[in-house]
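Below are the chains, spelled out letter by letter.
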Amino acid sequence: MSRTRITLAALLLAAAGAVSVASPALAAVHCPKPGTVVMSDESYVRFLMADPEEQQLILTNPEYAKAWTGCLPPDRVEPNMWGPGYVCLPEGAVQ
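Just so it is clear, the structure is predicted and the values come from calculations on it, not from any experiment.

On to the overall build of the chain. In terms of helices and strands, the chain carries four helices and two strands. Across the 95 residues of the chain, 14% fall into the buried class. Taking all contacts inside the chain whose residues are at least 6 apart in sequence as the whole, residues at least 24 apart take part in 11%. Element-wise, carbon and sulfur atoms account for 67% of the exposed surface of the chain, whose accessible area totals about 7,600 Å².

Quick look at the structure:
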């Protein structure tokens, strides 16, 4: 009985040690650096096709980036005339 307990305790300690060593490494992999912009593959292709001024807005203005991410072509992003921020307008729509 004693040998079984010692073996079980050794296995539990080894498993706990493996988890405690791997956890910080796993957490670091999924944490982007400050200033990192995360976007889908489709959004990245749209970002590359945007003009340089719009790319700068996407990277530096979180409100614009949020509206742009949810706005698929041929819709467009414009400043909100009725409040703060930006809005996505469907093709042909006017504020």
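For the structure on display, the rule yields one disulfide. Note that Cys71 is cross-linked by a disulfide to Cys88, the S-S spacing being 2.1 Å. Around the S-S axis, the bridge from Cys71 to Cys88 shows a dihedral of about 70 degrees and counts as right-handed. Separated by 17 residues along the polypeptide, Cys71 in the loop between α4 (62-69) and β1 (76-79) and Cys88 in strand β2 (residues 86-89) bring together distant segments of the chain. Judged by its relative accessible area of 3%, Cys71 falls in the buried class.

Let us look at helix α2 (residues 41-49). Structurally, the α-helix is built with 3.6 residues per turn, so residues lying three or four positions apart point the same way. Those residues of α2 lying buried are Ser43, Arg46 and Phe47. Projected down its long axis, α2 shows its buried positions confined to an angular sector of 105 degrees, all on one face. Exposed residues pointing more than 90 degrees away from the buried face of α2 are listed as Asp41, Glu42 and Met49.

Interpretation of the predicted coordinates at a detailed level should be avoided for regions scoring low in pLDDT. Across the chain, the average pLDDT comes to 81, with 72% of residues at 70 or higher. Of all secondary-structure elements in the chain, the lowest mean pLDDT belongs to helix α1 (residues 2-29), at 62, while β2 reaches the highest, 94.

In this structure, the largest pocket occupies an estimated 170 Å³ of space. Forming the walls of the largest pocket are Arg46, Met49, Ala50, Glu54, Tyr64, Trp68, Cys71, Leu72, Pro73, Asp75, Arg76 and Val77. Counting residues per element, the ones that place at least two in the lining of the largest pocket are α2, α4 and β1. A per-class count over the lining of the largest pocket returns eight nonpolar, no polar and four charged.

Time to look at the pattern of salt bridges. For the structure on display, the rule yields one salt bridge. With its nearest N and O atoms 2.7 Å apart, the salt bridge here joins Glu78 to Arg76. We classify Glu78 as partly exposed; its relative accessible area is 25%. A relative accessible area of 30% means that Arg76 is categorised as partly exposed.

What counts, and where the lines are drawn
- Residues numbered from 1 in each chain as written.
- Predicted model: local features only at pLDDT ≥ 70, side-chain atom pairs only at ≥ 80, totals over all residues.
- Heavy atoms only, no water.
- Helix = DSSP H or I, 4+ residues; strand = E, 2+ residues; numbered from the N terminus.
- Buried < 20%, exposed > 50% of the residue type's maximum accessible area, 1.4 Å probe, protein only.
- Contact = heavy atoms within 4.5 Å.
- Areas by Shrake-Rupley, 256 points an atom, 1.4 Å probe, with all protein chains shown as cover.
- Disulfide = S-S within 2.5 Å.
- Arc of directions from axis to C-beta.
- pLDDT = per-residue confidence, 0-100.
- 1 Å grid on protein atoms, 1.4 Å probe; cavity = no way out; pocket = protein on both sides within 12 Å on 5 of 7 lines; lining within 4 Å.
- Points joined across faces, edges and corners; volume = space filled by probe spheres on them.
- Nonpolar A, V, L, I, M, F, W, Y, C, P; charged D, E, K, R; others polar.
- Salt bridge = Lys/Arg side-chain N within 4 Å of Asp/Glu carboxyl O.

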